[in-house]
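# An overview of the molecular structure
Each chain, letter by letter, is given below.
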Amino acid sequence: MISAAEALKDFQKITPKNIPLVEPFSKGHRACQGCGEVLALRLVAKAVGMDMIAVSATGCMEIISSPYPQTAWEVPWIHVAFENAAAVASGVEASRKALIRKGRIKDDGAKVVAFAGDGGTADIGIQALSGALERGHDFTYVCLDNEAYMNTGIQRSSSTPYGAMTTTSPPGPKSRGQMTWKKNMPMIAAAHNIPYVATASPAWHIDLMNKVKKAVTVPGPAYVHIYSPCPTGWRCGPEVSIETARKVVQSRVFPLYEVIDGRFVLSRDIKKPIPVKEYLDTQRRFRHLGEKDIAYIQKRVDDDWARLLSLVQATNPVAAE
Amino acid sequence: MGRRVGLEVSLACAEAVKLCNADVIAAYPITPQTHIVEHLAELVAEGHLDAEFVPVESEHSAMSACVGSAAAGARTFTSTSSQGLALMHEILFITSSLRLPIVMAVANRSLSAPISIWNDHSDIMAERDIGWVQTFAENGQEVLDLMIHAFKVGEDPRVNLPVAVNMDGFILTHVIEPMVMPDQAEVDAYLPPYKPSQWLNPAQPISLGMVGVPEVYTEAKKANLVALEDSYPAIVEHWEGFAKAFGRSYQPIESHRTDGADTLFVTMGSLGETCMSAVDQMREDGRSVGQVRIRLWRPFPVDDFLAAIKGAKNLIVLDRALCPGILAGPVATELRALLYAKGVRPFVANFVAGLGGRDVTRTDFVAMLDKAEQAAADGQEITCQMVGVKE
């Protein structure tokens, strides 16, 4: 199998001038106003194109897109259960591989893309995901991370950030809300030594689409983790969805980067970060936090950023000199 | 017409999958299923079977990968046992609801706790309501034949359902038996390549696994129910076709020396052959006894069963699993309900035997007949009576 770098040698970038006009994921779905997740999904679908075979985990995007007899999917789409999108995608990929080899279907170059939320990825689906990444199936896994179980009514997941209020991590005299640090799924995916891992935010839509396009271009498994604002669950206005998606990056809370054949590349080097407080203030899920909490978050965000930079340096020896 | 071989039944099961030219096999190892998937992995590695072998990380993912595979149009096989089948539970219902003709060999094994790798029917009896076609094999030849039949039935456009072929773990899977291995050409003629009517095809997009709101959910479930009921004629037809093609004939319910018998044993799986030999012995001893074997468990062949037990005064229903909290095993519970509804009222004695690999011998069958006849004469109930339990 060729490396990701090799596969991306002649990569044709998406630019504001050639944004794909296709809409594999159509309008008319039932997502909330200001949903950053459905916007991200639409951008992913545009970047992949009409030759996508989509596999959805149970979750917001699944229920808002497929109330029988209506569907928002203009491409083949399958939903089976919550925790198994990666396993189902494995099966689809293996099936196509066998049928193409045996001459029973033509090689139409279709791309298998699995979608799941943060719960379906970092919690209940992590085993199936790890298995599929390890086995090396040629597919792309997209985690649309809205940082809690939004479909069931805003319960905490392992991807919920520290301090966030959810219905199962309510702040009170004995709690600051979510008491654990957000699980680092992109790093867990990268630890599988797969060809391509990326993080993206819908506030940088061209960057997001290019990463998805790269993910489906490289042979073997690829993982794209997309920060997906949820105004309903984060207690913010639908109009600040994109602002939130921008500030999370500008504050270094959610860095944008790629891991190409194990090489870490910063997509945006945030030289002058805004204070994390400015990001936290966009959402009422953090409003109970005091100065001490915010200082703690700032410190950990700074540490995580430094660790990421060290990985960039360690895996780019030439650039470091 | 085929060749006579001596083969371990697990390997015969794998050879059947090869003869059926499966495109995708997704499986996770569990005793006593392992020899089946090991042999398939070997057949793929040696190039004898052109298939994708997906060594998944759990049975849950095995069945999930099978769903993806079948939905994308491939002939798909998996195999499991016991805890593995239990782990698949969630996906088994979805598989039949999505109408995907996956074939699964279940090497039947008990459920924990206590952990036991040995045979009974606890695993599959907990999955009675998954909406799959379910058959039970009695011997190695049947395993081989039922596997080929399973693909034929499942992929019939009138059926489009997953099929589980049950074979007793160890007792069947790990014994070497003489059997007739069909030729590839014979199987090819019986089972042409799978041609799904629709699949995950970018040229003709479909949405599979959509949300069922209350206005449509009931209708969707009704459709599933009808699909399984309506699979019966195809199942029988393909057994008839099998008999023509391979010269071995199978019925949904098999009878052994039932003519004029007052008492009939009702068995499923490999216990049937022990019972058969016990019945022969008892007949020689002048006992009025016969035997009915359930080969097709889902959809349950009601009319065949009623015809097979017609005239019998007593039934001895053997269960190899428990239904805690209601004093009868799963098979007896169902048969009693069925008989009641049909107005047929033989005396039904229910024994639970062979749990977790406990041997059931010919002597046990004689003792069961003695007890049942006595209880019938005394008007006493026998239900969920555990054979050989040390109390």
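Reading the values: rules and limits
Residues numbered from 1 in each chain as written. Chains lettered and ligands numbered in written order. Predicted model: local features only at pLDDT ≥ 70, side-chain atom pairs only at ≥ 80, totals over all residues. Helix = DSSP H or I, 4+ residues; strand = E, 2+ residues; numbered from the N terminus. Rg over C-alpha atoms; globule rule 2.2 N^0.38 Å. Buried ≥ 20, exposed ≤ 12 C-beta atoms within 10 Å, placed from the backbone. Contact = placed C-beta atoms within 7 Å. Pairing = 2+ DSSP bridges. Axes fitted to C-alpha atoms, helices over the stretch in contact; angles between N-to-C directions. Nonpolar A, V, L, I, M, F, W, Y, C, P; charged D, E, K, R; others polar. Parallel < 35°, antiparallel > 145°, perpendicular 65-115°, else oblique. Left-handed = near helix turned anticlockwise from the far one by under 90°. Expected span 1.5 Å × (residues − 1). Right-handed = clockwise from strand over helix to strand, strands pointing away. Core = buried A, V, L, I, M, F, W, Y, C linked by C-beta atoms within 7 Å. Domains from an automatic or database assignment.

What follows deals with the overall build of chain A. Broken down by element type, chain A carries 13 helices and 10 strands. The C-alpha radius of gyration of chain A comes to 19 Å, within 12% of the 20 Å expected for a compact globule of 321 residues. Along the three orthogonal principal directions, the C-alpha set of chain A runs to about 65 × 55 × 40 Å. Within the span of chain A, comprising 321 residues, buried residues form 55% of the whole. Within chain A, counting contacts between residues at least 6 apart in sequence, those at least 24 apart form 70% of the total.

Here we take up the sheet that holds strand E5 (residues 103-108) of chain B. Residues and elements named next belong to chain B. Taken in spatial order, the seven strands line up as E3-E2-E4-E5-E7-E6-E13 in an open sheet, and their pairing is mixed. At either end of the open sheet lies a strand with only one pairing partner, and these are strand E3 (52-55) and strand E13 (296-298). For this sheet, the mean angle separating the axes of adjacent strands, direction not counted, is 20°. Alignment of strand E2 (residues 24-27) against E3, held across four bridges, turns out to be parallel. Within the sheet, the bridge partner assigned to valine 24 lies in E3 and is glutamate 52. This element, helix H3 (residues 59-71), spans E2, E3 and strand E4 (76-80) of the sheet and lies at about 165° to E4.

Residues and elements named next belong to chain B. Taking burial as the measure, the five residues of E4 include five buried ones, the bulk of the element. Here E4 shows two buried faces, one formed by Thr76, Thr78 and Thr80 and the other by Phe77 and Ser79. As paired elements, E2 and E4 share two bridges and run parallel to each other. Following the sheet pairing, valine 24 is matched in E4 by threonine 76. Bridge count between E4 and E5: four bridges; the pairing is parallel. Counted as the bridge partner of threonine 80 is valine 106 from E5.

With 42 residues of chain A at the interface, the matching set in chain B holds 39 residues. Counting residues per element, the ones that place at least two in the side of chain A that touches chain B are strand E1 (52-56), strand E2 (77-79), helix H4 (85-101) and helix H6 (126-135) of chain A. The leading source of residues in the side of chain A that touches chain B is H4 of chain A, at 13 residues. Broken down by class, the residue content of the side of chain A that touches chain B amounts to 23 nonpolar, 10 polar and nine charged.

What the nine strands build is an open sheet, ordered E10(A)-E9(A)-E7(A)-E8(A)-E4(A)-E3(A)-E1(A)-E2(A)-E9(B); its pairing is mixed. Each edge of the sheet is formed by a strand with only one pairing partner; in this case those strands are strand E10 (263-266) of chain A together with strand E9 (207-208) of chain B. Inspection of the sheet shows E1 of chain A paired to strand E3 (residues 111-117) of chain A by five bridges, in the parallel sense. Note on E3 of chain A: the bridge partner recorded for alanine 54 of chain A is valine 113 of chain A. Seen against the sheet, helix H8 (residues 205-217) of chain A touches E3, strand E4 (140-145), strand E7 (196-200), strand E8 (222-227) and strand E9 (257-260) of chain A and runs at an angle of roughly 165° to E7 of chain A.

What follows covers unusual backbone geometry. In this structure, proline 69 of chain A follows tyrosine 68 of chain A across a cis peptide bond, with omega equal to 10°. Checked against the element boundaries, proline 69 of chain A lands in the loop between helix H3 (60-65) and E2. Cis geometry marks the peptide bond from threonine 31 of chain B to proline 32 of chain B, where omega comes out at 0°. In this structure, isoleucine 154 of chain A takes a positive phi of about 65° despite not being glycine. Among the residues examined, isoleucine 154 of chain A registers 23 C-beta atoms within 10 Å and is labelled buried. The phi dihedral of phenylalanine 170 of chain B falls on the positive side, at around 65°, and the residue is not glycine. Turning to its location among the elements, phenylalanine 170 of chain B is positioned in the loop between strand E7 (163-168) and strand E8 (176-181). C-beta crowding within 10 Å serves as the criterion here: with 19 such atoms nearby, phenylalanine 170 of chain B is assigned to the partly exposed category.

Residues and elements named next belong to chain B. Look at helix H1 (residues 9-19) against helix H6 (residues 140-155): their axes get within 9 Å of each other, and the N-to-C directions meet at 25°. Relative to H6, the element H1 is oriented roughly parallel. For the crossing formed where H1 meets H6, the hand is right-handed. Residue-level inspection shows Val9, Ala12, Cys13, Ala16, Val17 and Leu19 of H1 in contact with H6, the latter providing Gly140, Val143, Leu144, Met147 and Ile148.

The next thing to look at is helix H8 (residues 214-229) of chain B. Along its 16 residues, H8 of chain B runs 23 Å from first to last C-alpha, staying within 8% of the 22 Å computed at 1.5 Å per residue. With zero of its 16 residues buried, H8 of chain B lies for the most part at the surface.

Residues and elements named next belong to chain B. Where burial is concerned, the two faces of strand E6 (residues 133-136) agree: the one with Val133 and Thr135 and the one with Gln134 and Phe136 are both buried. Summarising the sheet, E6 and E7 pair through four bridges and their orientation is parallel. By the bridge assignment for E7, glutamine 134 is matched with alanine 164. Tracing the backbone out of E6, into H6 and back to the parallel element E7 gives a crossover that is right-handed. Both E6 and E13 contribute to a ladder of two bridges, which runs antiparallel. Note that in E13 the partner of glutamine 134 across the bridge is arginine 298.

Glancing now at the nonpolar core. Counting residues in each nonpolar core, the largest one holds 225 residues, and the members touching the most others are Phe115 of chain A together with Met147 of chain B. Taken domain by domain, this core gets at least three of its residues from each of domain 1 (3-246) and domain 2 (253-386) of chain B. If we ignore the near neighbours within four places in the chain, the residues touching phenylalanine 115 of chain A are Leu41, Ala54, Val55, Ser56, Ala57, Met61, Ala85, Val142 and Leu144 of chain A.

We now examine the domain arrangement of chain B. All names here are of chain B. The domains assigned to chain B are domain 1 (3-246) and domain 2 (253-386). Of note, the centres of domain 1 and domain 2, computed from C-alpha atoms alone, are 28 Å apart. Taken together, the contacts link 27 residues of domain 1 with 20 residues of domain 2. When residues of the side of domain 1 that touches domain 2 are traced back to their parent elements, those giving at least two are helix H5 (122-125), E6, E7, H8 and helix H9 (231-246).

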